[in-house]
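The lines below spell out each chain.
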Amino acid sequence: MRINPQLLEKIKESLSSVLPITAIVLLLSMTITPLTTGALVLFLFGAALLIVGVGVFTLGVDMSMTPMGHGIGVTMSRARHMAIPLVVAFVLGVLITVAEPDLTVLAEQVSAIPSHVLILTVAAGVGLFLVIALLRTMLSVHLSHLLIGAYLLVFLLALFAPRDFIPVSFDSGGVTTGPITVPFIMAMGVGMASVRSDKNSTSDSFGLVALCSIGPVLSVLLLGICYAPESAAYTPVSLPDIATTRDAAAAFAAAVPHYAEEVAGAMVPICLVFLLFQLITRRFKHTQLWRIVSGLVYTYAGLVMFLTGVNVGFMPAGELIGSYIGGGEQPFLLIPIGMVMGYFIVSAEPAVHVLIKQVEEVSMGSISQGAMKQGLSIGVAVSIGIAMLRVLTGISILWFLIPGYAVSLGLTFFVPQLFTGVAFDAGGVASGPMTAAFLLPFAMGACEAAGGSLMTDAFGLVAMVAMTPLVTIQLLGLAGRVKKKLVSDALRAELAKAEDCILYYE
């Protein structure tokens, strides 16, 4: 049986992404953080599922989510009446958010507020900000102006929200931009901007994910203020008891139906919207539809494998490693170890592969995939280092978020607008399932072992991961602008010298 060459290439890319973090965990398990045999077997099984799952998923996204989102975005931008695409955007934002698996996991941890109330409130926030993002693209509003106004409102509300809810509120912005919704929303933004022919159309194609990440933060802060709960308790996940490899295989097999149902719930709303869209517009031909349907199958299978591997295999290992280091004689090792893991783990996020490829295509190679990977890796490494510092010291997350967002918003006035949209989208993309299912348990295990508060000291890690790429990617753009100016000045100087020589000889 001949394997699809495109699929083989995607799996090879996935292997290079997952292998470094696997090697780091194996090295730690043999040195300072010995894992039980069961936890290690689960981790290795999970790594194998991740490698295949990410490869299958990224191929499926290329075949289905990207053309679907692009087609809907183009059609919405050409609508005669603005009210119709705005209503569609709100409904679409609510539907895909309600079905996002990561949001359900987060909602179950916040026991002070009923899960369905939290999920619906966050979904309404995403729907509202997707409408705002659509209006911005249609009206060519500068992204930085919207971001500054929105984050000023966020930090104003944070002054009145319960202390326990501030980290959870910012984390909610990261978990709502999951591996299914990000490719769809990004492609929709590119489709909407492609209809325009002005000079800002390329830069305006980014920013939808950035704005959709703000809605959940505002909505959860408002919810915390309205409910005014005494605390937001968290119950740590119990580690499975694995004695043999058969037990490990049984654990994965038992988890597959659960994640298959979750992924189906996440994909069905998008598929229904696309079906309705196709019936009304007849935009896609039979061959294109067959490719999209095949891509949806790949996307579904890949994401089921990925979520099963990361939740069953990586989560126990992350919590055990964190508890070993946090409760050991040298807890400060959490900072460098966390930074190294953060540097490599972002490459294993499935939506990151989609982002960097789309950025390179839209920017016509001016922002390379290598530069994006490096910028994201450095940003996530710094954020995990800060998160581990918070676990050890209990410093309020606002001491980092306020100056971090102040710097990132300030940079928007000095870098090309394209880099601003890419940077703020990258923040939402970097904080994906790998962060939530491996690094967050790592922080929770460390925090519990060190005797800290899980809700105030461990939660907030996703928020930190979402913030630091905003600075690093924009610094990348600023460096490019400075380099371009230096080259331009050098060329002008050489031309001036040449003109002087010509005048001298004349």
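Residues numbered from 1 in each chain as written. Predicted model: local features only at pLDDT ≥ 70, side-chain atom pairs only at ≥ 80, totals over all residues. Heavy atoms only, no water.

Caption draft 1: Here's a closer look at the layout of surface pockets. Looking at the second largest pocket, its volume works out to about 390 Å³. Looking at the second largest pocket, it is lined by 15 residues, and the ones nearest its centre are Met-76, Ile-84, Val-88, Phe-277 and Ile-280. If you list the elements that add at least two residues to the lining of the second largest pocket, you get α2 (37-77), α3 (83-98) and α12 (245-281). Taken together, the residues of the lining of the second largest pocket sort by class into 13 nonpolar, two polar and no charged. (1 Å grid on protein atoms, 1.4 Å probe; cavity = no way out; pocket = protein on both sides within 12 Å on 5 of 7 lines; lining within 4 Å. Points joined across faces, edges and corners; volume = space filled by probe spheres on them. Helix = DSSP H or I, 4+ residues; strand = E, 2+ residues; numbered from the N terminus. Nonpolar A, V, L, I, M, F, W, Y, C, P; charged D, E, K, R; others polar.)

Caption draft 2: Here's a closer look at the packing of helix α6 (residues 143-158) against helix α17 (residues 398-411). At their nearest, the axes of α6 and α17 sit 11 Å apart, and the two run at 165° to each other. Here α17 runs roughly antiparallel to α6, going by the angle between their axes. Our pair here, α6 against α17, has a crossing hand that is left-handed. Residue-level contacts link Leu-147, Ile-148, Tyr-151, Phe-155 and Ala-158 of α6 to Leu-398, Leu-401, Ile-402, Tyr-405 and Leu-409 of α17. (Axes fitted to C-alpha atoms, helices over the stretch in contact; angles between N-to-C directions. Parallel < 35°, antiparallel > 145°, perpendicular 65-115°, else oblique. Left-handed = near helix turned anticlockwise from the far one by under 90°. Contact = heavy atoms within 4.5 Å.)

Caption draft 3: Spatial organisation of empty space enclosed by the protein. Scanning all chains against the criterion turns up three cavities of 30 Å³ or more. In this model, the largest cavity occupies a volume close to 150 Å³. Lining the largest cavity are 15 residues, with Tyr-151, Gly-173, Ser-213, Tyr-405 and Ala-466 sitting closest to its centre. Taken together, the elements giving at least two residues each to the lining of the largest cavity come down to α7 (165-175), α11 (214-227), α18 (417-430) and α21 (461-505). Partitioned by chemical class, the residues of the lining of the largest cavity number ten nonpolar, five polar and no charged. Estimates place the volume of the second largest cavity at around 40 Å³. Contributions of two or more residues to the lining of the second largest cavity are made by α3 and α8 (181-194). Each residue belonging to the lining of the second largest cavity can be placed in one class, and the counts come to four nonpolar, four polar and no charged.

Caption draft 4: Looking closely at a nonpolar patch on the surface. Side chains of Leu-153, Leu-156, Leu-159, Phe-160, Leu-222 and Ile-225 sit close together on the surface and give an oily, nonpolar patch of about 590 Å² of accessible area. Secondary structure elements with two or more residues in the nonpolar patch: α6 and α11. Tracing the chain through its elements places Ile-225 in helix α11. Given a relative accessible area of 30%, Ile-225 falls into the partly exposed group. (Patch = residues over 30% accessible without salt bridge, like charges linked within 9 Å, V, L, I, M, F, W, Y side chains within 5 Å. Areas by Shrake-Rupley, 256 points an atom, 1.4 Å probe, with all protein chains shown as cover. Salt bridge = Lys/Arg side-chain N within 4 Å of Asp/Glu carboxyl O. Buried < 20%, exposed > 50% of the residue type's maximum accessible area, 1.4 Å probe, protein only.)

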